[in-house]
Each structure stands twice: as C-alpha cells, then as structure tokens.
Amino acid sequence: MAVNDIIAPENLVYQKPKLMNDTTMHYCPGCSHGVVHKLVAEVIADMEMEEKTVGVCPVGCAVFAYRYLDIDWQEAAHGRAPAVATGVKRMWPDRLVFTYQGDGDLACIGTAETIHALNRGENITIIFINNAIYGMTGGQMAPTTLIGQKTATCPYGRNPDIHGYPLNMTDLASRLEGTCFVTRQSVDTVASITKAKKAIRKAFEASMQGKGSSLVEIVATCNSGWKLTPAQANEWMRENMFPHYVKGDLKDTTGI
Amino acid sequence: MAEKEVMLMKGNEAIAHAAIRCGTDGYFGYPITPQSEIIETLAELKPWETTGMVVLQAESETASINMIYGGAGAGKRVLTSSSSPGIALMQEGISYMAGAELPGVFINVQRGGPGLGTIQPSQSDYFQATRGGGNGDYNVIVLAPNSVQEMADFVDLAFELAFKYRNPAMILSDGVIGQMMEKIILPPMKPRRTEEEIRKECPWAAMGRKADRNPNIITSLELKSEVMEQRNIHLQEKYKTIRENEVRYETRNCEDADYIIVSFGSAARIGEKAVELAREQGIKVGLFRPITLWPFPSKEILELAKSKKGVLVSEINAGQMVQDVRLAVNGAVPVEHFGRLGGIVPDPEEIVEALKEKLIK
Amino acid sequence: MKTEIIISGFGGQGVLSMGKILAYSGLMEDKEVTWMPAYGPEQRGGTANVTVIVSDDPVSSPILSKYDVAIVLNQPSLEKFEPKVKPGGILIYDGFGVINPPTRSDIKVYRIDAMDKAAEMKNSKVFNMIVLGGLLQVCPVVSLDGLKKALTKTLPERHHHLIPLNMEAVEEGKKIIKQL
C-alpha cells in the first residue's frame with residue numbers, strides 16, 4: 001500500500017490531535033511528556049476550549065511546551081506558574097487556565113506558590129509531571145527523588161540523613177480545603193493513558209465549573225536521567241515509584 | 001462622591017482610589033510597612049462590587065509580581081505595590097516582565113535598608129529602580145511622585161506608558177509621600193476596557209487564541225544566541241525611543257539662580273523649602289526635579305547647570321542619583337551630594353548648610 | 001499666612017488624630033494642609049508625633065526643623081521640641097505630662113491642664129480635643145466652625161452624637177489654657 005493510501009482519511013484509525021503542531025519535540029525518546037502533551041491537546045479540543053485556554057509553562061523539561069500546542073501560553077519563572085495562572089484566571093474567569101509543571105518546579109522552588117494557589121481554591125488545574133529527577137539540567141536530585149535513588153547530586157543514593165525525604169505534594173494537596181480534585185496517574189500503558197486523559201478532563205471541567213483547584217500528578221519516566229532504556233524505565237517506575245507514589249484519586253469532591 | 005471634590009488623604013490611600021478610578025483590572029499584593037494602606041484601602045473600598053476590579057492578597061511579593069506577570073501577559077491593567085525589601089524580592093518577576101515585554105505597574109514606597117533595615121523613609125532604591133534591578137540588560141520606566149496628588153495621577157500615567165511601550169513601569173515613592181496626608185482631587189472615573197478593546201490594544205496578549213490568529217506566547221526565553229541578541233537590540237531600541245520621548249521634569253526658581261539643587265520625590269519637597277530658606281539668606285538657589293528617573297533628564301540638567309556655579313544633589317541615600325547628575329554634567333560645574341541615611345529624613349536647614357559648606361564655602 | 005505645628009506625646013494620647021482633625025479643619029476652610037506623622041509600629045505608650053502645616057499657599061516641605069507652634073504632651077517631647085520652636089513662637093504643654101517646665105524666654109509658653117480636665121469630665125478620650133481647644137485659643141489657625149465641619153466630615157455617622165461632647169471639650173480647653 002502506498003503512503004498516500006495509508007494516510008487517506010477513510011483509512012485513518014488514529015490522528016494527531018488537531019491542537020498539536022508539527023514542531024519536532026525536544027523530549028528524549030521514551031519520555032512521558034509527549035504523551036501527556038497529547039492528552040492535554042485532546043482534552044482541550046474535546047471540550048472545544050481552544051479559543052479560551054491559556055496554558056502556563058514551567059522551567060524544566062517542559063519549558064518549551066508552548067512550542068507544541070497551538071494555544072496561548074505564558075512561560076513562567078521557575079516555580080511561579082501557579083501565581084502566573086492565578087493572575088490569568090482572576091483576570092479572565094471564563095478561561096480555561098492550567099499549569100504544566102515538573103517536580104523541581106512545583107515541589108521545590110515553587111512549593112509556596114503551589115500550596116497557596118491550591119489552598120485559595122483557584123479555579124485552575126495543575127498538571128504535575130513527577131519523574132523524581134531534574135531532567136533538563138542533567139539528572140540532579142529532585143524533591144521527589146526516592147530514598148536510595150542515585151542522581152548526579154546524590155551519586156551514592158538519596159540518604160535521608162543528608163538529603164531529607166521525598167516530598168509528597170499530591171498527598172499534601174489532597175488535604176487542602178481549596179482543592180476539589182487531586183489524583184495520581186501514569187501513562188505507561190494504554191489503559192493508564194486512558195485513565196490519565198479522563199482525569200485531565202475531569203480537572204479541566206472542574207476548573208470551568210468553578211469547583212476549586214485540581215492537581216493531576218502523572219508519575220512519569222525519565223529514562224535519560226535514570227540512565228535506562230525506555231522499557232526498563234517503565235519497569236523501574238512500576239517497581240520503585242508506584243509503591244511510594246500510589247496511583248488513584250486522593251480526593252474528588254467535584255461531583256463530575 | 002463628586003468628581004471634583006477636594007479630599008484629604010495619605011499618599012498610599014490616594015494610590016488605591018486612583019487605581020480603581022483609572023480602570024485597573026486587578027491588584028495583587030502583600031502587606032509591608034510603610035505601604036500597607038494601599039491594599040487595606042482597596043479591601044475597604046471593595047471595587048469588585050463596583051468596577052469589577054480584583055483585589056487579592058498574595059502569599060508573598062514573589063507571588064504578587066508573578067500574578068502581575070500573568071495578568072499583564074493576558075492584556076489586563078494590573079498593579080502591585082510593596083516597600084523596599086519586598087521590591088527586592090520581586091526583581092526576578094520584573095526582569096521576566098521586561099524580557100517578555102509586559103506592561104505591569106508596580107509601586108515602591110521606599111524604606112531604609114539594607115536588609116530588613118528600617119520602616120522609616122528612604123530613597124536608597126534609586127539604583128535598583130533605574131538600573132533595571134534584576135538580571136539582564138533592561139530598564140523599567142520610573143516615575144517619582146512628590147505629592148499625594150502625583151501619587152494618584154501617576155497610576156494612570158504609569159499604565160499609559162507601560163502599555164504604550166509594552167514595558168513595566170514603576171512608581172518610586174517613599175514613606176514620606178506614602179504616609180503624609182494632603183489635599184487631592186481624585187482623577188475622573190475611567191471605565192475598565194472591554195474584551196474587544198483589550199484585544200485591539202494588546203494583539204500580543206495570551207488570553208485565549210481566536211481562530212484568526214496564531215498562538216500568542218509570553219516568554220523571555222530564547223536559547224539561540226543570534227535570536228536573543230536581536231531581541232536585546234529590539235529592547236535597546238525601544239529604550240532609546242522612551243528616552244527620546246518620555247523625559248519629565250520640573251524646575252523652580254532656576255532662572256536667576258547661581259546654584260541648583262537636584263532632588264526627586266519627597267527630597268524635592270524638602271528641597272523646595274531649602275530654596276525658600278536659602279533665598280531668605282540671599283543665596284540664589286533653584287530646584288530641578290526629575291519626575292522620570294528613568295529615562296533621566298540628563299540633557300536638561302546639563303543645559304541648566306552649564307550657566308550655574310554648582311549643583312547640589314540632595315537625596316535620602318548615600319549618593320545614588322548624584323552619579324547620573326555627574327554623568328550628565330560631565331565636569332562642566334562642581335556637583336556635590338547631600339543625603340541622610342537609615343530612615344533619617346533631612347530637614348531643609350541641613351540642605352542649606354550643606355549647600356554653603358560644599359559649594360559656596 | 002502659614003502655621004507650622006508639631007504635636008508630640010505618647011502613643012494613645014490622640015496625637016495623630018488631633019493632627020488629623022486640625023488638618024481637616026484647614027481643608028474645610030480651603031487652606032493648604034499637610035499632615036506628616038512620624039510613623040512606627042502601632043502601639044500605645046511609644047512616642048508619637050505629627051507635623052501639621054496649615055497655609056494659604058501651597059506647602060513645600062512636610063518635614064521641618066523649626067516650628068511656629070509646638071504642642072508637647074510629655075517630658076521627652078518637651079525636651080525634643082522646645083529648642084525647635086522659632087523665636088517668638090508658641091509652646092503649649094500639658095501640666096500633667098510635663099514635670100520640668102520649659103525654660104526658654106524668647107517664646108510664648110502656655111500650660112494647659114488637659115489631662116486633669118479630661119479626668120474631671122470623666123472622659124479620657126476628649127483629652128486631645130481639650131488641647132486642640134487650647135491651641136485655637138492662643139493661635140486660631142482654624143475657626144470653630146471649620147473644626148465642627150471637620151468632625152462631621154471625619155467621624156462616621158454613628159459617632160456624630162459625640163460631636164457636642166467634643167466641641168464642649170474644645171470650649172473647656174479654650175478656657176483653661178494659660179500663659180506663663
């Protein structure tokens with residue numbers, strides 16, 4: 001079959017989301033970011049919110065998220081995305097406003113902005129990619145790095161006596177009165193991708209219905225930072241990350 | 001309240017009233033002495049029930065300035081205020097706003113430093129305000145009010161300039177002007193802009209992409225050095241335009257003067273009195289007051305100073321604006337500095353004494 | 001005509017509000033006014049002072065080194081501001097708050113036993129209005145009419161029933177101030 005036949009509309013079984021453009025992604029092969037980007041693009045289109053969405057990018061691997069999705073974006077300083085999103089949402093309450101942040105951005109340098117935006121019940125969604133490592137700067141320890149996990153700044157493994165403990169922000173978020181939906185998902189299987197998409201949809205709906213803040217954590221892989229193949233990284237994540245970062249809804253008062 | 005009613009209020013309160021009246025969409029701030037009356041007055045006036053203006057107490061100055069980033073990046077008229085240590089904390093956000101070319105407005109009601117310093121008035125953030133303050137090559141427009149009336153009037157002016165040039169603008173005040181009460185006529189009510197008006201005025205704003213345009217991206221990031229250099233050149237060209245068009249200043253009693261006092265903000269009010277006192281003693285002195293500290297009225301100061309015997313720069317710091325005056329005057333006549341530090345505000349007699357001691361001898 | 005006044009005492013004595021009423025009274029009479037407090041952490045018992053300038057012409061500096069009138073309500077204030085009264089100027093002190101009276105002979109010194117009078121009136125809150133009355137007796141920067149208008153303007157409506165009491169305190173102050 002010729003290429004043109006394969007991609008003829010009547011033969012299509014799968015299509016790139018219409019809000020994703022053709023810019024070549026800078027993400028490493030095997031990285032979870034690409035999948036989550038796709039889910040966000042699909043949900044915005046499914047909700048027909050493309051003209052009313054403002055995304056806020058972090059500093060970290062997803063700093064260039066604005067290159068890949070054809071919506072309006074603001075690039076925040078490191079950790080400040082929830083404050084930037086607060087500014088946008090308070091100024092345009094009928095817009096869909098979300099942040100897309102990594103563990104260093106959200107759970108370390110931006111802890112205060114994250115906790116307070118969630119606790120105020122800002123009608124925004126925070127998408128939190130937790131891969132337990134600093135990817136962009138070359139594999140240093142993250143606030144969510146597991147005990148014993150080796151990184152460039154804890155080459156002998158994270159030792160709580162020296163480095164303290166992994167910070168479970170999603171647990172914290174679930175106890176804040178301002179949050180309406182707090183969930184932890186992954187994108188390592190087809191089934192988990194489907195569930196993650198549903199979670200993002202529920203969070204976005206809750207934001208638009210003014211029910212409070214939503215936090216969607218995606219436990220993710222960083223095979224480059226972990227120095228594993230993509231397949232091994234998925235295995236490592238299931239064996240080591242899932243027991244500590246347990247998947248599922250931690251809080252849901254949305255009624256959606 | 002009648003449109004033209006003369007009122008008596010503090011500079012900080014005047015800012016709050018003026019913000020509501022000039023169509024501000026949002027205020028985001030964190031309390032700090034000596035400027036907390038700004039957010040307190042806004043909370044008391046509840047503008048969200050009248051004009052629809054949002055007032056939010058943020059968790060920190062860092063958060064405040066980033067809320068301003070978000071609001072301004074979405075095309076809205078947004079404002080924050082703080083005092084020196086809080087403004088120091090905001091410098092990250094201000095640099096990002098300069099890089100992303102966002103028209104936010106922020107107010108510094110200065111107090112003495114360094115560090116936690118004192119809550120008493122000072123003008124020791126002049127360098128920080130006029131040199132950019134954060135990382136990178138940039139400038140913010142800096143307006144220095146010297147009265148409660150100007151505190152009110154400069155809010156709208158700062159927004160106008162900020163949006164005209166897509167550049168952050170700052171009102172650099174201090175504890176004297178913030179805390180003193182004097183007469184004021186509030187500016188007329190101006191409605192907040194509609195969505196259509198905002199889309200027209202800010203076609204660059206990230207507020208939701210209509211199908212007829214490409215996505216708008218608010219960012220200061222560019223990893224390609226060649227492109228980043230072009231962005232910087234663009235900024236520098238914009239700053240040149242601002243320098244050419246937006247210099248503001250005021251002179252008093254300069255025509256027949258032998259000596260000139262150069263002062264800004266509250267120090268200029270004290271300088272006015274020093275001029276009166278000096279003239280009572282037969283010393284012909286005039287006052288030059290830069291109203292924009294950036295862009296700085298360098299040409300105008302040189303032009304005036306050339307025909308005089310000397311210049312005294314009186315400011316409430318250890319000698320900051322004096323550097324700009326010396327650069328402007330470039331050795332044409334002697335330029336001396338007088339200042340008090342740590343929250344002490346000089347009185348007019350001290351300035352006259354300094355003038356005699358340093359220039360007349 | 002311009003009158004430069006410093007009012008100084010302990011926090012809680014009503015120093016700032018007395019200055020405020022004076023400034024408002026000036027406003028009611030279309031005069032130029034500035035009110036500049038020495039601000040600080042808000043507390044009772046600390047020192048408080050405020051500079052009030054009432055003038056026919058625009059006011060330049062809100063910060064002064066010499067005053068036409070100094071009203072001092074405690075000993076530290078007297079020591080600080082007695083030397084700063086212009087020759088020929090006025091110094092008013094409260095007889096209860098000041099133990100060692102002023103010594104200058106080139107200024108007009110007045111004593112007002114406002115604290116005693118307030119106690120007699122069984123209302124410590126009118127202390128500052130008694131002092132204000134004393135000031136207006138010896139230096140009528142504003143009229144009683146302007147003062148009454150200022151009170152009406154600045155007091156919330158629920159406190160308007162207190163205006164007669166305040167005006168009475170002003171009248172008492174006018175009576176009891178005496179030159180030394």
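What counts, and at which threshold
- Residues numbered from 1 in each chain as written.
- Chains lettered and ligands numbered in written order.
- Predicted model: local features only at pLDDT ≥ 70, side-chain atom pairs only at ≥ 80, totals over all residues.
- Heavy atoms only, no water.
- Helix = DSSP H or I, 4+ residues; strand = E, 2+ residues; numbered from the N terminus.
- Rg over C-alpha atoms; globule rule 2.2 N^0.38 Å.
- Lys, Arg positive; Asp, Glu negative; His and termini not counted.
- Charge placed at Lys NZ, Arg CZ, Asp CG, Glu CD.
- Pairing = 2+ DSSP bridges.
- Contact = heavy atoms within 4.5 Å.
- Axes fitted to C-alpha atoms, helices over the stretch in contact; angles between N-to-C directions.
- Buried area = accessible area lost by both parts, 1.4 Å probe.
- Salt bridge = Lys/Arg side-chain N within 4 Å of Asp/Glu carboxyl O.
- Phe/Tyr/Trp six-rings, centres within 6.5 Å; stacked < 30°, edge-to-face > 60°.
- Buried < 20%, exposed > 50% of the residue type's maximum accessible area, 1.4 Å probe, protein only.
- Lys NZ or Arg CZ within 6 Å of the ring centre and 35° of its normal.
- Parallel < 35°, antiparallel > 145°, perpendicular 65-115°, else oblique.
- Left-handed = near helix turned anticlockwise from the far one by under 90°.
- Nonpolar A, V, L, I, M, F, W, Y, C, P; charged D, E, K, R; others polar.
- Polar contact = N/O pair within 3.5 Å; in protein donor to acceptor, adjacent residues only side chain to side chain.
- 1 Å grid on protein atoms, 1.4 Å probe; cavity = no way out; pocket = protein on both sides within 12 Å on 5 of 7 lines; lining within 4 Å.
- Points joined across faces, edges and corners; volume = space filled by probe spheres on them.
- Patch = residues over 30% accessible without salt bridge, like charges linked within 9 Å, V, L, I, M, F, W, Y side chains within 5 Å.
- Areas by Shrake-Rupley, 256 points an atom, 1.4 Å probe, with all protein chains shown as cover.

Draft legend 1. Fine view of the overall build of chain A. If you tally the helices and strands in chain A, you get ten helices and nine strands. The C-alpha radius of gyration of chain A comes to 18 Å, within 12% of the 18 Å expected for a compact globule of 256 residues. A principal-axis box enclosing the C-alpha atoms of chain A has dimensions of 60 × 50 × 30 Å. Computed over 24 positive and 26 negative side-chain charges, the separation of the two mean positions in chain A equals 4 Å.

Draft legend 2. Looking closely at the sheet that holds strand β8 (residues 213-219) of chain A. With mixed pairing, the eight strands of this open sheet are ordered in space as β9(A)-β7(A)-β8(A)-β4(A)-β3(A)-β1(A)-β2(A)-β9(B). Here the strands that pair on one side only, and so sit at the sheet edges, are β9 (248-252) of chain A together with β9 (217-218) of chain B. Packing of helix α3 (residues 61-73) of chain B onto the sheet brings it into contact with β2 (72-75) of chain A together with β9 of chain B, and relative to β2(A) it is tilted by some 155°.

Draft legend 3. Representation of the interface of chain C and chain B in the model. Contacts between the two partners involve 26 residues from chain C, matched on the other side by 27 residues from chain B. Roughly 2100 Å² is buried in total at the junction of chain C and chain B, and carbon and sulfur atoms are behind 61% of that figure. The tally of links from chain C across to chain B stands at five salt bridges. Taking the shortest distance from any N to any O, the salt bridge between K66(C) and E349(B) comes out at 3.8 Å. With six residues, strand β2 (residues 32-38) of chain C is the largest single contributor of residues to the side of chain C that touches chain B. With two bridges joining them, strand β8 (residues 181-185) of chain B and β2(C) adopt antiparallel strand pairing.

Draft legend 4. Representation of the packing of aromatic side chains in the model. Here the structure, examined in full by the defined rule, presents ten aromatic pairs over all chains. Judged by centre distance (5.1 Å) and plane angle (5°), the ring pair of Y249(B) and F288(B) falls under stacked. A residue pair is termed long-range when its members are at least 10 positions apart, and Y249(B) in strand β10 (residues 249-252) and F288(B) in strand β12 (residues 285-290) qualify at 39 residues. Judged by relative accessible area, which is 39%, Y249(B) ranks as partly exposed. With a relative accessible area of 1%, F288(B) lands in the buried category. One aromatic cluster is present, built from ring pairs that chain together W73(A), F98(A) and F204(A). Taking NZ or CZ as reference, R193(B) lies 4.9 Å from the ring centre of F163(B), over its face.

Draft legend 5. Up close: the arrangement of the chains. The interface with the highest contact count, out of two pairs of chains in contact, is the one between chains A and B. Nowhere do chain A and chain C come into contact; their C-alpha atoms are at least 27 Å apart.

Draft legend 6. Structural context of the pattern of salt bridges. Taken as a whole and assessed by the stated rule, the structure comprises 59 salt bridges over all chains. Across the salt bridge formed by E250(B) and R289(B), the nearest N and O atoms sit 3.1 Å from each other. Residue E250(B) is found in strand β10, and its partner R289(B) is found in strand β12; the two are separated by 39 residues along the sequence. As a salt-bridge pair, D113(C) and K178(C) come within 3.8 Å of each other at their nearest N and O atoms. One end of the pair, D113(C), is in the loop between β6 (108-112) and α3 (114-120); the other, K178(C), is in strand β7 (residues 178-179), and 65 residues separate them in sequence. Given the relative accessible area of 42%, K178(C) is considered partly exposed. Several salt bridges converge on common partners, so that one network encompasses K52(A), D94(A), R95(A), E195(B) and R199(B).

Draft legend 7. Broad picture of the sheet that holds strand β5 (residues 105-110) of chain B. All names here are of chain B. Here seven strands make up an open sheet; going across it, the order is β3-β2-β4-β5-β7-β6-β13 and the pairing mixed. Edge positions in the sheet fall to β3 (54-57) and β13 (292-294), since each has one partner strand and no second. Neighbour-to-neighbour, the strand axes of this sheet turn through a mean angle of 20°, independent of strand direction. One ladder, built from four bridges, connects strand β4 (residues 78-82) with β5; its direction is parallel. The residue bridging T80 from the neighbouring strand is F106, located in β5.

Draft legend 8. Here's a closer look at the packing of helix α2 (residues 33-46) of chain A against helix α8 (residues 190-208) of chain A. Residue and element names in this part refer to chain A. Here α2 crosses α8 at 50°, and the two axes come no closer than 9 Å. As judged from the angle between their axes, α2 and α8 are oblique. The two elements α2 and α8 cross, and the hand of that crossing is right-handed. Across from V35, L39, V40, E42, V43, I44 and D46 in α2, the residues of α8 making contact are I193, A196, K197, I200, R201 and F204. Considered class by class, the residues forming the contact of α2 with α8 number nine nonpolar, no polar and four charged.

Draft legend 9. Looking closely at the interface of chain B and chain A. Of the residues lining the interface, 38 residues belong to chain B; the matching set on chain A comes to 33 residues. Between chain B and chain A lies a buried interface of about 2900 Å² when both sides are counted; carbon and sulfur atoms form 59% of it. Here chain B is connected to chain A by five salt bridges. One salt bridge in this structure joins E59(B) and R120(A), with 2.8 Å as the shortest N-O distance. Our enumeration of links across chain B and chain A arrives at 18 residue pairs in polar contact (both at pLDDT 80 or more).

Draft legend 10. Fine view of empty space enclosed by the protein. All names here are of chain A. Per the counting criterion, the structure on display carries one cavity of 30 Å³ or more. Approximately 40 Å³ is the volume found for the largest cavity. If you go around the largest cavity, the residues you meet are H37, V40, A65, L69, W73, F98 and Y100. Residue assignment for the lining of the largest cavity shows that the elements contributing at least two residues are α2 and β3 (96-102). Residue composition of the lining of the largest cavity, by class: six nonpolar, one polar and no charged.

Draft legend 11. Fine view of a nonpolar patch on the surface. Among the surface-exposed residues, M1(A), V3(A), I6(A), I7(A) and L12(A) lie close enough to one another that they form a single nonpolar patch of about 540 Å² accessible area. What makes V3(A) exposed here is its relative accessible area of 57%.

Draft legend 12. Broad picture of the side chain of Q110(B). Residues and elements named next belong to chain B. With respect to the helices and strands, the residue Q110 is situated in strand β5. A polar contact is formed between the side chain of Q110 and the backbone nitrogen of D125, at a distance of 2.9 Å. Here the side chain of Q110 touches S173 through a polar contact of 2.9 Å, landing on its backbone oxygen.

Worth remembering: the numbers are spatial, not functional.
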